Amino acid sequence: MPKGYIVANIRTDDMDGMKRFAEASAPVIAEYGGRVLARDPSPDNREGSVGGISVLVEFDDVETARRFYESAGYTSAKAIREAIADTDLRIVSGV
């Protein structure tokens, strides 16, 4: 079964708020077996105009990534991020 990934680009100037979001989301990511593979505040954008902090989180499969995203724990953490940032986020299936 292919891995599931959350790919996010987060645009914010509130790094203290992002620290609170990371602290709130980390235990929920771990609860669902997720692994943060990349977190880069200054990615090397080669194409397109999406900027911000790039984050890549791996889960055992797409369904687990969806359950994580829809969980009460992540919904609570997500509220912190939504108050301070604009985000593009997708769940994708590995190959």
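Residues numbered from 1 in each chain as written. Predicted model: local features only at pLDDT ≥ 70, side-chain atom pairs only at ≥ 80, totals over all residues. Heavy atoms only, no water.

Caption draft 1: Molecular detail of the packing of helix α2 (residues 62-70) against helix α3 (residues 72-84). It is the contact of α2 with α3, at a shortest axis distance of 5 Å, that shows an interaxial angle of 60°. By the angle between their axes, α2 is oblique relative to α3. Contacts between α2 and α3 pair Phe-68, Tyr-69 and Glu-70 from the former with Ala-72, Tyr-74, Thr-75 and Lys-78 from the latter. (Axes fitted to C-alpha atoms, helices over the stretch in contact; angles between N-to-C directions. Helix = DSSP H or I, 4+ residues; strand = E, 2+ residues; numbered from the N terminus. Parallel < 35°, antiparallel > 145°, perpendicular 65-115°, else oblique. Contact = heavy atoms within 4.5 Å.)

Caption draft 2: Structural view of the pattern of salt bridges. Summed over all chains, the structure comprises six salt bridges. The salt bridge involving Arg-66 is made with Glu-63; its shortest N-O contact spans 2.7 Å. One end of the pair, Arg-66, and the other, Glu-63, are both in helix α2, three residues apart, so they sit about a helical turn from each other. The partly exposed category is assigned to Glu-63, whose relative accessible area is 44%. One connected set of salt bridges, linked through shared partners, spans Lys-3, Arg-35, Glu-58 and Asp-60. (Salt bridge = Lys/Arg side-chain N within 4 Å of Asp/Glu carboxyl O. Buried < 20%, exposed > 50% of the residue type's maximum accessible area, 1.4 Å probe, protein only.)

Caption draft 3: Here's a closer look at the sheet that holds strand β3 (residues 53-59). The strand order across the open sheet formed by four strands is β2-β3-β1-β4, and the pairing between neighbours is antiparallel. Pairing within the sheet leaves two strands with one partner each, and these edge strands are β2 (35-40) and β4 (86-93). Across the sheet, the mean angle separating the axes of adjacent strands is 15° when strand polarity is ignored. Bridge count for strand β1 (residues 4-11) against β3 is seven bridges, and the pairing is antiparallel. Within β3, the position partnered with Ile-10 by the bridge is Ile-53. (Pairing = 2+ DSSP bridges.)

Caption draft 4: Molecular detail of the packing of helix α1 (residues 15-31) against α3. With their axes 9 Å apart at the nearest point, α1 and α3 run at an angle of 165° to one another. It follows from the interaxial angle that α1 and α3 lie roughly antiparallel. Seen along the crossing, α1 lies across α3 with a hand that is left-handed. Residues Gly-17, Met-18, Arg-20, Phe-21, Ala-24, Ser-25 and Val-28 of α1 touch α3, and the partners they reach there are Gly-73, Tyr-74, Ala-77, Lys-78, Ile-80, Arg-81 and Ile-84. Residues of the contact of α1 with α3, tallied by class, amount to eight nonpolar, three polar and three charged. (Left-handed = near helix turned anticlockwise from the far one by under 90°. Nonpolar A, V, L, I, M, F, W, Y, C, P; charged D, E, K, R; others polar.)

Caption draft 5: Representation of the layout of surface pockets. Here the largest pocket defines a volume of roughly 280 Å³. Along the wall of the largest pocket there are 19 residues; nearest its centre are Ile-10, Phe-21, Ser-25, Arg-39 and Val-55. Looking at the lining of the largest pocket, the elements with two or more residues in it are β1, α1, β2, β3 and α3. Of all the elements, α1 adds the most residues to the lining of the largest pocket, at six residues. Split into classes, the residues belonging to the lining of the largest pocket amount to 16 nonpolar, one polar and two charged. (1 Å grid on protein atoms, 1.4 Å probe; cavity = no way out; pocket = protein on both sides within 12 Å on 5 of 7 lines; lining within 4 Å. Points joined across faces, edges and corners; volume = space filled by probe spheres on them.)

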